[in-house]
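Secondary and tertiary structure notes
Listed below, chain by chain, are the residues.
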Amino acid sequence: MDYDSVADELYALRPEEFTAARASAVASARTAGDRELAERIRTLRKPSLAAWVSNLLVRSSPGEVEPLLRLGEGLRQAHQDLDGAQLRELSRRQHALIRALSLQARQLAKEAGHPIGEAVQREVENTLHAVLADPEAARAWASGRLAKPLNAAVGFPAVAEGSRPQRPAPAPAPSRPGGKADEQQRRRLAQARKDAVAAERELGQLREEAATAGQEAAEAKRQVDALQRRVDELTEELERARNEHQQARFAERTARERARTADRRVREAGRKAATAAARLERLTAPDA
């Protein structure tokens, strides 16, 4: 029993099976006397639905992992080289591949018994964007052990598909090494990179907020639907109770009427019995 094999087994499970399996693995490690391993297993976090779907994609389609990792390497290199033509080509591949993989992940989740909505699919797509932008995110995704979806802290500035290639800038006039023109160019380039990073970070935050809002809206709708079903059930139950109450009142009135009728008949029978007894007494008297 070792940490990596246990972690792989746990993150291959369905989300609802994770907690019980983790507790069992912790107990097994403690029984074996390995308290350090037990503590490491205990700290493994249950994956969110989006993280589980991302892990499912890695485990179910290992052939898709390497192409995405290579594409990420190419994109990062192209951004570093400021190669516009290569960026536009890789960007087209990026959008097509991420969309295809997110749809594939959605189908895999459905087949595994956990259909996902648009909000979770967006989180899966954000994870794939992070894989392309960040080498550490790529390694985490490729491990198949995500506990939560990824969101790239640093990403790529958008490259519009079909935009016209820019003409190469005219070569600057020769200048002394370290001259003013070179320094200005370096500052402009550094600022452009900072702006691109800030814009991508803001985009990532907005995507995350939108995904969270979508999840909250979906959860609120589920609660509203559940409460509406409960209201319908209680309304039906109340209607049944009213009908039963009316039937009980009718039965009570009928029983009371029968009781009154029976009481009258008892009194009449009592009077007849008394009359008959008196008559018998007169007839049997000695002087009769």
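Located above this text is the structure these notes cover.
This report concerns the structure included in the present document. Quantities reported herein were computed from a predicted structural model and do not represent experimental measurements.

1. Side note on the overall build of the protein chain
The secondary structure content of the protein chain amounts to nine helices and zero strands. Each helix and strand of the protein chain, ordered N terminal to C terminal, gives the series α-α-α-α-α-α-α-α-α. Evaluated residue by residue, the protein chain yields a buried proportion of 27% over its 288 residues. Accessible surface, the protein chain as shown: approximately 19,600 Å² in total, 53% of it carbon and sulfur.

2. Some words on the environment of Val 6
Relative to the helices and strands, Val 6 is located in helix α1 (residues 3-11). Each C-alpha atom, one on Val 6 and one on Ala 25, is 7.4 Å from the other, the two residues being 19 residues apart in sequence.

3. Section: the side chain of Gln 121
One can find Gln 121 in helix α7 (residues 118-133). A distance of 3.4 Å separates the side chain of Gln 121 from the side chain of Ser 102, its partner in a polar contact.

4. Things to note about the packing of α7 against helix α8 (residues 135-143)
Direction vectors running N to C along α7 and α8 enclose 125 degrees, while the axes themselves pass 5 Å from each other. Classed by the angle they form, the pair α7 and α8 counts as oblique. Where α7 crosses over α8, the handedness of that crossing is left-handed. Contacts between α7 and α8 involve Thr 127, Leu 128, Ala 130, Val 131 and Ala 133 on the former and, on the latter, Pro 135, Ala 137, Ala 138 and Trp 141.

5. Overview of the environment of Val 65
Considering the arrangement of structural elements, one finds Val 65 in helix α5 (residues 65-81). Once you skip the residues sitting within four places of it in the chain, Val 65 turns out to touch Val 58, Trp 141 and Ala 142.

6. Points about the packing of aromatic side chains
Within this structure, the stated rule accounts for one aromatic pair. Each ring, one from Tyr 11 and one from Phe 18, has its centre 5.3 Å from the other, and the planes form 50 degrees; the classification is tilted. Over the ring of Tyr 3 we find Arg 40; its NZ or CZ atom is 3.8 Å from the centre of that ring.

7. Things to note about α7
Think of an α-helix as turning once every 3.6 residues; residues three or four places apart then point the same way. Helix length check: α7 (16 residues) gives 22 Å between terminal C-alpha atoms against 22 Å at 1.5 Å per residue, within 8%. Most of α7 is tucked away, with 14 of its 16 residues classed as buried.

8. A look at the nonpolar core
In this structure, Val 53, Leu 57, Leu 68, Leu 128 and Trp 141 are the most contacted members of the largest nonpolar core, which totals 29 residues. Contributions of two or more residues to this core are made by α4 (49-60), α5, α6 (84-111), α7 and α8. Considering every element that reaches this core, the biggest residue donor is α4, with seven residues. Beyond its immediate chain neighbours, meaning those up to four positions away, Leu 68 contacts Leu 97, Leu 101, Leu 128, Val 131, Leu 132 and Trp 141. Tyr 3, Val 26, Ala 38 and Ile 41 belong to the second largest nonpolar core, which has 13 residues in total.

9. Topic: the side chain of Ser 54
Note that Ser 54 resides in helix α4. Ignoring any residue separated from it by four or fewer positions in sequence, one finds Ser 54 in contact with Val 124, Thr 127, Trp 141 and Leu 146.

10. What about α1?
Of the positions making up α1, those classed as buried are Tyr 3, Val 6, Ala 7, Leu 10 and Tyr 11. Across the axial projection of α1, the buried residues extend over an arc of 120 degrees, all falling on one side. Buried positions along α1 lie against α2 (15-31), α3 (35-42) and α4. At the N-terminal end of α1, a side-chain oxygen is found 3.2 Å from the backbone nitrogen of Asp 4, two or three residues along, and the residue is Asp 2.

Basis of the calculations
Residues numbered from 1 in each chain as written. Predicted model: local features only at pLDDT ≥ 70, side-chain atom pairs only at ≥ 80, totals over all residues. Heavy atoms only, no water. Helix = DSSP H or I, 4+ residues; strand = E, 2+ residues; numbered from the N terminus. Buried < 20%, exposed > 50% of the residue type's maximum accessible area, 1.4 Å probe, protein only. Areas by Shrake-Rupley, 256 points an atom, 1.4 Å probe, with all protein chains shown as cover. Polar contact = N/O pair within 3.5 Å; in protein donor to acceptor, adjacent residues only side chain to side chain. Axes fitted to C-alpha atoms, helices over the stretch in contact; angles between N-to-C directions. Parallel < 35°, antiparallel > 145°, perpendicular 65-115°, else oblique. Left-handed = near helix turned anticlockwise from the far one by under 90°. Contact = heavy atoms within 4.5 Å. Phe/Tyr/Trp six-rings, centres within 6.5 Å; stacked < 30°, edge-to-face > 60°. Lys NZ or Arg CZ within 6 Å of the ring centre and 35° of its normal. Expected span 1.5 Å × (residues − 1). Core = buried A, V, L, I, M, F, W, Y, C linked by side-chain atoms within 4.5 Å. Arc of directions from axis to C-beta.

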